[in-house]
Amino acid sequence: MNFIKVTEQVEPFVALIELNRPKELNALNHELMGELHQALVQLDANEAVRVIILTGNEKAFAAGADVKQMADKTAIEMVMEDRFKTWDQIKNTKKPIIGAVSGFALGGGCELAMTCDMIVASETAKFGQPEVRIGTIPGAGGTQRMTYAIGKAKSMELILSGRFLTANEAQSYGLVNHVFPLETYLIEAIKLAKEIASYSPIAVQLAKEAINHTFETHLEEGLAFERKSFYLTFASNDQKEGMKAFIEKRTPSYTGK
Ligand code: DAK
C-alpha cells in the first residue's frame, strides 16, 4: 500500500486507516481510492476488527479528489470510467467507520468524511465543498449528505459559495460529533471506537444498518441525480477553465459556456 497505511489493531478490535499522500494534502487519486477500497473489504471481512477509524494527517484529512487526474476528462470519459465503485464500498462497509478529521476536508475529502458514520474533528479541521470554484459540483454525495446533515439553507450557502466551515461551526450544524484539540482528537476517536467495539458486533452492525435505512432510499435517488449533474459539468468550458486555473495557480475566468 503506497497511499494509505493500515494498522489492523491500533487497539483490540479497532483498525486505523491513515491516508498518506501528505505533499498533495491527501488528494484522492485513483490509486489511493483503490487501496482504500481494498483495505475496507479486508477489514470488513476480518473478525478481529469491529470498528474502523479513517484519518489523514494534521494538515489535511483530504483536499478533494485529485483535480490533476480529472481536469482534462470529457463528460463521456467520466461516465465510462465509473469511478464510483470504490466510493460505494465505503458506504457499503458493514462495520462502523469513524472519520477522524484534522485540517482540510474539502470536496471529495468532505464527502469521504461524511460517508463515515461519525466524525471526530480537531479544532483545526475545515470542511467545505468548493467544487463550484473550479467549475463543477460535488460528485460523491456532497449535495445529498451535506443537506441531510445540516439542512437546506446552510447546505445551499456552503455548496453555492464554496465557503469552508470551521470545526466548531461544523459541530454546531450537526455535521461533526465532537471537536477536540489537535493533540487529542485521534486519541478521542480511538476511545469512541473502543467503546463501540466492546459491544456485540452483531448489534452494532444491525443498528448501523437500521439508522442508514432512515434515508437510504431517497439517498440512492439523490446520489444518482447528483452523479449525472456532476458528469454534465465536464461537458462545459467552465469546468475545463476552473480546473486548469487551479493547476496553474491563477484565478479562473468563467463564461457560462
Ligand atoms: N487535487 C490535486 N492536487 C491538490 C489538491 C487536489 N484536490 N489539493 C491540493 N493539491 C496539491 C496542490 O496542487 C499543491 O501541489 P504542488 O503545487 O505543490 O505540486 C499541494 O497539494 C499543496 O497545495 P497548496 O499549495 O494549494 O496548499 P495551500 O495550503 O496553499 O492551499 C487548499 C490548500 C486545500 C486550500 C488548496 O490546495 C485547494 O484549494 N485545494 C483544492 C480544493 C478543491 O477544490 N477540492 C475539490 C476538488 S474536486 C468522484 C468522486 C469525487 C469527486 C468527484 C468525482 N467520482 C467517483 C467520479 C470529488 C471532486 C473534488 O473533490
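Here the structure is shown first, and the text comes after it.
Figured I'd write up the structure that's included with this text. (Residues numbered from 1 in each chain as written. Predicted model: local features only at pLDDT ≥ 70, side-chain atom pairs only at ≥ 80, totals over all residues. Heavy atoms only, no water.)

## Examining helix H10 (residues 201-233)
Item 1. Over its 33 residues, H10 extends only 42 Å from the first C-alpha to the last, a length that falls short of the 48 Å expected when each residue adds 1.5 Å.
Item 2. Listed as buried for H10 are Val 204, Lys 208, Asn 212, Leu 219, Gly 222, Leu 223, Glu 226, Phe 230, Tyr 231 and Thr 233. (Helix = DSSP H or I, 4+ residues; strand = E, 2+ residues; numbered from the N terminus. Expected span 1.5 Å × (residues − 1). Buried < 20%, exposed > 50% of the residue type's maximum accessible area, 1.4 Å probe, protein only.)

## As for a nonpolar patch on the surface
Item 1. Together, Ile 76, Val 79 and Met 80 make up a nonpolar patch on the protein surface, roughly 330 Å² of accessible area in all.
Item 2. Locating Met 80 in the fold gives a position in helix H3 (residues 75-81).
Item 3. Residue classification places Met 80 among the exposed positions, given a relative accessible area of 67%. (Patch = residues over 30% accessible without salt bridge, like charges linked within 9 Å, V, L, I, M, F, W, Y side chains within 5 Å. Areas by Shrake-Rupley, 256 points an atom, 1.4 Å probe, with all protein chains shown as cover. Salt bridge = Lys/Arg side-chain N within 4 Å of Asp/Glu carboxyl O.)

## Section: the packing of helix H4 (residues 84-92) against H10
Two quantities define a packed helix pair, namely the angle between the axes and the distance from one axis to the other.
Item 1. For the pair H4 and H10, the least separation of the axes is 14 Å and the interaxial angle reads 155 degrees. Relative to H10, H4 is oriented roughly antiparallel. In this structure, H4 meets H10 at a crossing whose hand is right-handed. Within the contact between the two elements, H4 uses Phe 84, Asp 88 and Lys 91 and H10 uses Glu 220, Leu 223, Arg 227 and Tyr 231.
Item 2. When the residues that make up the contact of H4 with H10 are grouped by side-chain class, the tally is 3 nonpolar, no polar and 4 charged. (Axes fitted to C-alpha atoms, helices over the stretch in contact; angles between N-to-C directions. Parallel < 35°, antiparallel > 145°, perpendicular 65-115°, else oblique. Left-handed = near helix turned anticlockwise from the far one by under 90°. Contact = heavy atoms within 4.5 Å. Nonpolar A, V, L, I, M, F, W, Y, C, P; charged D, E, K, R; others polar.)

From the geometry alone we can't say anything about function, so treat these as descriptive.
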